[in-house]
Amino acid sequence: MRRHHHLMSFVCVGVGLTLAACGKGDAPPASQTDASAANPAGPVGTASIAGLVRLVGTAPVNPPIDMSAEPQCRGVYHSSPHQLRVVVNPNHTLANVFVYVKQGLPPGASYQTPVEPVTLDQRGCQYHPRVLGIMVEQPLAIRSADPVLHQIKAVGTAGELFHFDQPAAGRKTAGTFSHPHVMVRLSCAVHSWMRAYVGVLPHPFFATTDDGGKYTIDRLPRGTYTIESWHEHYGTRRATVTVADSATRLDLRYHAQSGDAADF
């Protein structure tokens, strides 16, 4: 396994092998739709920002995946698998959009890192979820249910962060990111179609849109914030919003004509 300074303390757990740095069993995954539900130690409030991320226009067709070389993965699908770059919900909103506070938190604000890991699964030779958020130094548990070799590679905003093998089902690797990144791209050197994206932040004010296109960022202090959304195909959008002590609605839009934001 190769280690890089941006990712620290990687520990692998395989069937029949337990290292001292690992706990027993798998901790429950942290929420991907409302990461601010953790208990931050920094300044918080009673304000929230919530809304929908809408798509204007007709989405592109997601490309099919040829899994003929991996029948053990192909067999988990009831229909032809596709590269899920653009997931449009029935209400014409987008899933898998990472939404976060980019600017506006009090200077010097510091937030406690959750000890509970965020979990990323490899199942059917695809990552689940495709887009997720995590805090700096929060554990990321990468698990495999596939009886095939995966070679996981992570590329952040400053280059490659790590690259390691997971040779069999039941293997779990846990580690932490030591710096913020929006975003980290995860891929597999064996299966070129595998993609996942991780937003790494020093605070808990982020969320990923669900299968209704909704996001919620809560417990914000009153103030004015720059909110940024990121989508792997449609790129970023920004909005400025001022909140007091209650809920504020902020809907965001992407246009179907734009795209190819995450080709790095």
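Residues numbered from 1 in each chain as written. Predicted model: local features only at pLDDT ≥ 70, side-chain atom pairs only at ≥ 80, totals over all residues. Heavy atoms only, no water.

Caption draft 1: Representation of unusual backbone geometry in the model. Here His128 and Pro129 are connected by a cis peptide whose omega angle stands at -5°. Tracing the backbone shows Pro129 in the loop between β5 (126–128) and β6 (131–135). Here the bond from Val182 into Met183 is cis, since omega is 5°, no more than 30 degrees from zero. Following the sequence through the fold, Met183 ends up in strand β11 (residues 181–188). Even without being glycine, Glu137 reaches a positive phi, approximately 75°. Looking at where Glu137 falls in the secondary structure, it is placed in the loop between β6 and β7 (140–144). Look at Glu137 and you get partly exposed, because its relative accessible area is 36%. Not every positive phi belongs to a glycine, and Arg219 is a case in point at roughly 60°. Judged by relative accessible area, which is 26%, Arg219 ranks as partly exposed. (Helix = DSSP H or I, 4+ residues; strand = E, 2+ residues; numbered from the N terminus. Buried < 20%, exposed > 50% of the residue type's maximum accessible area, 1.4 Å probe, protein only.)

Caption draft 2: Just the state of the cysteines, in detail. Evaluation of the coordinates by the stated rule reveals one disulfide. Here Cys73 engages in a disulfide with Cys125; their sulfurs sit 2.1 Å apart. Looking along the S-S bond of the Cys73-Cys125 disulfide, the torsion reads about 50°, which is the right-handed sense. In this pair, Cys73 is assigned in helix α1 (residues 71–74) and Cys125 in the loop between β4 (118–123) and β5, connecting sequence segments 52 residues apart. As far as the burial class goes, Cys73 and Cys125 line up, both buried. Note on Cys188: no disulfide assigned, nearest cysteine sulfur contributed by Cys125 at a separation of 7.3 Å. Classification of Cys188 as buried rests on a relative accessible area of 5%. (Disulfide = S-S within 2.5 Å.)

Caption draft 3: Quick peek at the sheet that holds strand β12 (residues 195–201). The strand order across the open sheet built from five strands is β6-β12-β11-β8-β9, with neighbouring strands paired in mixed fashion. Two strands bound the open sheet, and with one partner strand each, they are β6 and β9 (159–166). Strand-to-strand twist in this sheet, taken as the mean axis angle between neighbours without regard to direction, amounts to 25°. (Pairing = 2+ DSSP bridges. Axes fitted to C-alpha atoms, helices over the stretch in contact; angles between N-to-C directions.)

This is a description of form; function is not addressed.
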